[in-house]
Amino acid sequence: VEMLSLEEALLRHDPTRSNWLVMGSGPATPTLVLGLSGKPEILVNVQRCLDIGAPVVRRFTGGGTVVLGPGTLLSSLIVRGWPAGSSTGDSPESPQ
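The shown structure was predicted, so the numbers you read here are calculated from the model rather than taken from an experiment.

### Quick notes on a nonpolar patch on the surface
Thought 1: Residues Leu-21, Met-23, Leu-73, Leu-77 and Val-79 make up a contiguous nonpolar surface patch of about 590 Å² in total accessible area.
Thought 2: At the level of secondary structure, the elements contributing two or more residues to the nonpolar patch comprise strand E1 (20–25) and strand E5 (73–78).

Structural data, given as structure tokens:
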């Protein structure tokens, strides 16, 4: 949950509009993470999660539903453009 909060803060509030690579390790207990439009009543056995104490959280971006836990390596790219900080995303030279 902390990494999700950091990602959202960097995307929404970074005044430098920099590109970021955020890495971390998974939570100590299994946690289900839904994308922005994921429907828990369809994708998750909510009662089972409550029974075993597995948190269900929603990230502020899209994507599928994932289960995170110990041993999970997390990485997120926040890319605003190239070169870093540009708003157009155009590069003077594209790699071949």
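### Quick look at unusual backbone geometry
Thought 1: One non-glycine residue with positive phi stands out, namely Arg-17, at about 50°.
Thought 2: Following the sequence through the fold, Arg-17 ends up in the loop between helix H1 (2–13) and E1.
Thought 3: We classify Arg-17 as partly exposed; its relative accessible area is 37%.

### Topic: the side chain of Arg-59
Thought 1: Mapping Arg-59 onto the fold places it in the loop between strand E3 (56–58) and strand E4 (66–68).
Thought 2: Within the buried set, Arg-59 has no salt-bridge partner at all; the shortest N-O distance to an opposite charge, 6.9 Å, is to Glu-7.

### Topic: the layout of surface pockets
Thought 1: Counted as a void, the largest pocket has a volume near 550 Å³.
Thought 2: Contributing to the lining of the largest pocket are 25 residues, with Met-3, Leu-4, Glu-7, Leu-68 and Leu-74 lying nearest its centre.
Thought 3: Elements with a minimum of two residues in the lining of the largest pocket: H1, E1, strand E2 (31–34), E4 and E5.

### Quick word on the sheet that holds E4
Thought 1: An order of E3-E2-E4 is seen for the three strands of this open sheet, with the pairing classed as mixed. The sheet is open, and its two borders are formed by E3 and E4, each paired with just one other strand. Averaged over all neighbouring strand pairs, the angle between strand axes comes to 30°, with direction disregarded.
Thought 2: Both E2 and E4 contribute to a ladder of three bridges, which runs antiparallel. Bridging from a neighbouring strand, Thr-31 pairs with Leu-68 of E4.

### Let's talk about the nonpolar core
Thought 1: With nine residues, the main nonpolar core is built from Met-3, Leu-4, Leu-10, Val-22, Val-33, Val-57, Leu-68, Leu-74 and Ile-78.
Thought 2: If you tally residues by element for this core, the top one is H1, at three residues.
Thought 3: Residues within four places of Leu-74 in sequence aside, it is in contact with Met-3, Val-22, Met-23, Gly-24, Ser-25, Gly-26 and Leu-68.
Thought 4: Formed by five residues, the second largest nonpolar core is a distinct cluster that contains Leu-32, Leu-34, Val-44 and Cys-49.

Calculation criteria
Residues numbered from 1 in each chain as written. Predicted model: local features only at pLDDT ≥ 70, side-chain atom pairs only at ≥ 80, totals over all residues. Heavy atoms only, no water. Patch = residues over 30% accessible without salt bridge, like charges linked within 9 Å, V, L, I, M, F, W, Y side chains within 5 Å. Areas by Shrake-Rupley, 256 points an atom, 1.4 Å probe, with all protein chains shown as cover. Salt bridge = Lys/Arg side-chain N within 4 Å of Asp/Glu carboxyl O. Helix = DSSP H or I, 4+ residues; strand = E, 2+ residues; numbered from the N terminus. Buried < 20%, exposed > 50% of the residue type's maximum accessible area, 1.4 Å probe, protein only. Lys, Arg positive; Asp, Glu negative; His and termini not counted. 1 Å grid on protein atoms, 1.4 Å probe; cavity = no way out; pocket = protein on both sides within 12 Å on 5 of 7 lines; lining within 4 Å. Points joined across faces, edges and corners; volume = space filled by probe spheres on them. Pairing = 2+ DSSP bridges. Axes fitted to C-alpha atoms, helices over the stretch in contact; angles between N-to-C directions. Core = buried A, V, L, I, M, F, W, Y, C linked by side-chain atoms within 4.5 Å. Contact = heavy atoms within 4.5 Å.

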